[in-house]
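Descriptive analysis of the structure
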Amino acid sequence: MADFETLLTETRGNVGLITLNRPKALNALNSTVMRELSEALKAFDSDPSIGAVVLAGSEKAFAAGADIKEMQAVDFVDAFVGDFLGGWEAVAATRKPIVAAVSGYALGGGCELAMMCDFIIASETAKFGQPEITLGVIPGMGGSQRLARAVGKAKAMDLVLTGRMMDAAEAERAGLVARIVAPERLLDEALEAAAKIASFPRAAVLMAKEAVNRADEVTLAEGLRLERRLFQSLFATQDQKEGMSAFVEKRKPSFTNR
Ligand code: CAA
């Protein structure tokens, strides 16, 4: 993969690891990060050897938000006509699962970026918040929508309107975070989760992600219908035969992603 200015990328077996790397700005998300992250995710999404991705920041900050220094001078016409922040949709459009490994600050766009991933594993040090209101704006990368869906209206309103931060324990209780781990375990835990995902049949993994994500979009009846059709379609795969035969024969499955 190409060298990036604001990211580090590597592969660990079947897992793609992307680390946000603007340490002097606490990984503030500028347009270069947006462009490079979209490119890196597209590359991992289309690489057949990769089954899942981990997105991490630094120990101090996953990301402290959209880059305020870059945003400061933007006017309405620039923002509207240029579809400011619209490019971040590429993250949520990634078809392979993305595990967010969050340590330290995940504020504003940082919290929103973590929520674009499929689940969040947080260090005990993680702090989440949507402080945009303190700058005279509101969340612009999905915070008002994804946070409300993740933690419910009461807590989303509390965070978005007061700009306060919540710690990892509160975020886990609220349903924003899937697991909390000790800081020194964070990256390993996220990589292990991603490696586990990558070990399962690719078609089933992509369909599982698609099915769960549809729950936020459609009625229960539509969601159940989609789930059942996707489930039924997996019986056309060789890996379904292999997975079930291996169970019955009490052996480990050998999946081929076919
Ligand atoms: N944008 C640009 N630069 C940022 C930044 C941001 N979001 N967050 C931190 N930085 C920079 C600081 O300006 C500082 O740079 P200098 O050394 O050049 O001054 C450097 O990172 C270190 O930051 P601090 O000195 O402030 O570090 P701290 O430990 O004292 O405080 C913090 C940490 C509480 C996270 C504080 O940096 C902070 O409040 N950051 C801004 C958080 C914020 O408001 N985020 C929302 C942005 S708006 C948004 O995201 C819109 C959206 O919905 C997409």
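Residues numbered from 1 in each chain as written. Predicted model: local features only at pLDDT ≥ 70, side-chain atom pairs only at ≥ 80, totals over all residues. Heavy atoms only, no water.

The number of helices and strands found in the chain is 12 helices and 10 strands. Radius of gyration (C-alpha) of the chain: 19 Å, near the 18 Å computed for a compact globule of 258 residues. Projected onto its principal axes, the C-alpha positions of the chain cover 60 × 45 × 40 Å. Relative to its full complement of 258 residues, the chain shows a buried share of 42%. Partitioning the intrachain contacts of the chain with sequence separation of at least 6 by distance along the chain shows that 67% fall at a separation of at least 24. (Helix = DSSP H or I, 4+ residues; strand = E, 2+ residues; numbered from the N terminus. Rg over C-alpha atoms; globule rule 2.2 N^0.38 Å. Buried < 20%, exposed > 50% of the residue type's maximum accessible area, 1.4 Å probe, protein only. Contact = heavy atoms within 4.5 Å.)

Another aspect to go through is the packing of helix H10 (residues 202–214) against helix H11 (residues 220–233). Packed helices, taken two at a time, are described by their axes: the angle between them and the distance between them. Interaxial distance between H10 and H11 falls to 10 Å at its minimum, and their mutual angle equals 175°. In this view, H10 runs roughly antiparallel relative to H11, as classed from their interaxial angle. Along its contact with H10, which presents Met 207, Ala 211 and Arg 214, the element H11 presents Leu 226, Leu 230 and Ser 233. Here the contact of H10 with H11 is composed, by residue class, of 4 nonpolar, 1 polar and 1 charged. (Axes fitted to C-alpha atoms, helices over the stretch in contact; angles between N-to-C directions. Parallel < 35°, antiparallel > 145°, perpendicular 65-115°, else oblique. Nonpolar A, V, L, I, M, F, W, Y, C, P; charged D, E, K, R; others polar.)

Right, let's get into a nonpolar patch on the surface. Together, Phe 76, Val 77, Phe 80 and Val 81 line one region of the surface with nonpolar side chains, adding up to about 490 Å² of accessible area. As for its position among the elements, Phe 80 is in helix H3 (residues 76–81). (Patch = residues over 30% accessible without salt bridge, like charges linked within 9 Å, V, L, I, M, F, W, Y side chains within 5 Å. Areas by Shrake-Rupley, 256 points an atom, 1.4 Å probe, with all protein chains shown as cover. Salt bridge = Lys/Arg side-chain N within 4 Å of Asp/Glu carboxyl O.)

Moving on to the site of the ligand. Close to the ligand lie 24 residues; Lys 60, Ala 66, Gly 109, Glu 112 and Glu 132 are nearest. Side-chain polar atom of Lys 60 to an oxygen atom of the ligand: 2.7 Å apart, as the coordinates give it. Measuring from an oxygen atom of the ligand, one finds a side-chain N or O atom of Glu 112 at 2.7 Å. Coverage of the ligand by the protein amounts to 66% of the 990 Å² it exposes when considered alone. Of all the secondary-structure elements, those providing two or more residues to the shell around the ligand are helix H2 (68–71), strand E6 (105–107) and helix H5 (109–116). If one sorts the elements of the shell around the ligand by residue count, H2 sits on top with 3 residues. A per-class count over the shell around the ligand returns 14 nonpolar, 4 polar and 6 charged. (Near = heavy atom within 4 Å. Polar contact = N/O pair within 3.5 Å; in protein donor to acceptor, adjacent residues only side chain to side chain.)

Overall, the predicted model of the chain reaches an average pLDDT of 98, with 100% of residues at or above 70. Overall fold confidence for the complex sits at a pTM of 0.98, while the interface term, ipTM, reaches 0.98. (pLDDT = per-residue confidence, 0-100.)

With that settled, the discussion passes to the packing of helix H6 (residues 143–151) against helix H7 (residues 153–162). The interhelical angle for the contact between H6 and H7, taken along N-to-C directions, is 140°, at an axis separation of 7 Å. The angle between the axes of H6 and H7 places the two elements in the oblique class. For H6 against H7, the interelement crossing comes out right-handed. Two secondary-structure elements touch here, H6 through Leu 147, Ala 148 and Val 151 and H7 through Lys 153, Lys 155, Ala 156, Leu 159 and Val 160. When the residues that make up the contact of H6 with H7 are grouped by side-chain class, the tally is 6 nonpolar, no polar and 2 charged. (Left-handed = near helix turned anticlockwise from the far one by under 90°.)

A sheet is described by the order of its strands in space; here 4 strands give the open sequence E4-E6-E8-E9, paired in mixed fashion. Among the strands making up the open sheet, the edge pair consists of strand E4 (61–63) and strand E9 (165–167). In this sheet, neighbouring strand axes are inclined to one another by 20° on average, regardless of whether the strands run parallel or antiparallel. The sheet contact formed by E6 and strand E8 (residues 127–129) spans 3 bridges and is parallel. Within E8, the position partnered with Ala 106 by the bridge is Phe 128. (Pairing = 2+ DSSP bridges.)

Following the sequence through the fold, Thr 19 ends up in strand E2 (residues 15–20). Leaving out residues up to four positions away in the same chain, Thr 19 has contacts with Thr 6, Leu 7, Leu 8, Ala 56 and Gly 57.

Looking now at the pairing of strand E7 (residues 119–123). Most of E7 sits inside the fold, with 4 of its 5 residues counted as buried. Of the pairings in the sheet, the one linking strand E5 (residues 98–102) to E7 comprises 4 bridges and is parallel in character. In the strand pairing of E7, Ala 100 is matched with Ile 120. Inspection of the sheet shows E7 paired to strand E10 (residues 179–181) by 3 bridges, in the parallel sense. Residue Ser 123 lies in a different strand from E10, and its bridge partner there is Val 181.

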